[in-house]
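Working through the structure, step by step
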Amino acid sequence: GAGASSGMGRQAALKLGQGEGHVVLAARRMDPLEEAAEAIRAAGGSASAIAFDGSDAASCQALIAQIEADHGRLDGAFNNLGDTLGDGPLHEVPLERWQNTLSVNLSAPFHLMRAEVPLMLKQGAGRIVNNSSTGGVKGTKGMADYSAAKWGVIGLTKSAALDYAGQGLVINVIAPGIIATEKFREFEARLPDVFEGLRQATPAARFGEMSEIAELVDYLLRDAPAYLNGAVLPIDGGRTA
C-alpha cells in the first residue's frame with residue numbers, strides 16, 4: 001500500500017496484514033512505516049516497509065522493481081496518495097500550489113500505476129484501488145485545484161480499467177467523504193463549529209472511520225468479483241447520494 005505511514009493508508013495496510021500474503025508499506029517517512037509493519041508482524045502477519053516519493057516517477061519505478069525483486073509479484077495495490085494544500089477562490093490559487101496539488105494527487109497515482117501495470121500484466125493478474133474523494137465526483141467551493149486533481153484520478157482509473165480489461169487486471173477507485181483521520185482531528189479541533197455543520201449535513205449524521213475505508217479496500221483487493229471493474233465507489237455516509 002502506498003501512502004501507508006498514516007491515515008487511511010495505514011489502516012488499510014493493517015487490515016490487509018490480517019489476511020494471507022505479504023504486505024509492503026510504502027511512503028516517504030520510514031519511521032512510521034516501520035512501526036506499522038512491526039504492528040502487522042506482531043499480530044502474526046507478514047509485512048515490510050520501503051520509503052519512496054510518489055511524486056517522482058523514478059522512485060515509483062524503483063519501488064515496484066524492489067517489490068518484484070523481493071517477492072516476484074504484486075497481487076494488489078492501494079494507491080493512497082493525496083493532500084489538500086490550501087483553499088480559496090480559483091483566481092487566487094498560486095501557480096506553485098496548482099502544480100504541487102496536481103503532482104501529489106494526480107501525477108503520483110499515475111506514476112505508480114505506470115510501474116505497477118507491467119508487473120501485473122506479466123503475471124496475468126492484479127488488482128489496483130486508487131483513492132479519490134467526494135471532491136472528485138462533485139464540485140468543491142474554494143478547492144478548484146484539489147477537486148480537479150481528484151476528478152482526474154477517477155478519469156485515470158476508468159481509462160486504465162478499459163486499457164487492461166480482459167487481461168487479468170481489475171482497477172477501481174474509492175471516493176471517501178469526510179473521514180476521521182489524524183489530519184481531520186487537527187482541523188476539527190480548530191474549527192469545531194464548521195465540522196459540526198458538516199456532520200449535520202451528512203445523511204449518516206456522523207463522519208466516516210478509517211476502519212471503514214480499510215474494509216472497503218480489503219474487499220476490493222481480495223474478494224470483490226472481477227466483474228466490478230472501472231467503478232467509482234463513494235463511501236461518504238450518503239453525502240453524494
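I will try to describe carefully the structure that is included in this document. Note that the structure is a prediction, hence the values are computed from the model and not measured.

For the rest of this paragraph, the subject is unusual backbone geometry. For Ala-205, which is not a glycine, the phi torsion comes out positive at approximately 60°. Summarising the element assignment, Ala-205 is placed in the loop between helix 7 (192-200) and helix 8 (210-222).

This paragraph deals with the environment of Phe-195. Summarising the element assignment, Phe-195 is placed in helix 7. You can call Phe-195 buried: its relative accessible area is 10%. C-alpha of Phe-195 to C-alpha of Gln-61: the two residues are 134 residues apart in sequence and 39 Å apart in space. Ignoring anything within four residues of it in the chain, the contact list for Phe-195 reads Phe-184, Phe-187, Glu-188 and Phe-207.

As a further point, take the sheet that holds strand 4 (residues 126-131). Strand order in the open sheet formed by four strands is 3-4-5-6, and the pairing between neighbours is parallel. Unpaired on one side and paired on the other, strand 3 (76-79) and strand 6 (232-235) mark the two borders of the sheet. In this sheet, neighbouring strand axes are inclined to one another by 20° on average, regardless of whether the strands run parallel or antiparallel. Note: strand 4 against strand 5 (residues 169-176), six bridges, orientation parallel. Bridge assignment links Asn-131 to a residue of strand 5, and that residue is Ile-174.

Our focus in this paragraph is the packing of aromatic side chains. Applying the stated rule across the entire model yields three aromatic pairs. On the basis of an interplanar angle of 70° and a centroid distance of 5.0 Å, the ring pair of Phe-184 and Phe-207 is categorised as edge-to-face. Here Phe-184, found in helix 6 (residues 182-190), pairs with Phe-207, found in the loop between helix 7 and helix 8; they are 23 residues apart in sequence, far enough to count as distant. The exposure class assigned to Phe-207 is buried, which follows from its relative accessible area of 12%. On the basis of an interplanar angle of 80° and a centroid distance of 6.4 Å, the ring pair of Phe-195 and Phe-207 is categorised as edge-to-face.

Criteria and cut-off values
- Residues numbered from 1 in each chain as written.
- Predicted model: local features only at pLDDT ≥ 70, side-chain atom pairs only at ≥ 80, totals over all residues.
- Heavy atoms only, no water.
- Helix = DSSP H or I, 4+ residues; strand = E, 2+ residues; numbered from the N terminus.
- Buried < 20%, exposed > 50% of the residue type's maximum accessible area, 1.4 Å probe, protein only.
- Contact = heavy atoms within 4.5 Å.
- Pairing = 2+ DSSP bridges.
- Axes fitted to C-alpha atoms, helices over the stretch in contact; angles between N-to-C directions.
- Phe/Tyr/Trp six-rings, centres within 6.5 Å; stacked < 30°, edge-to-face > 60°.

Honestly, it's all geometry; don't read function into it.
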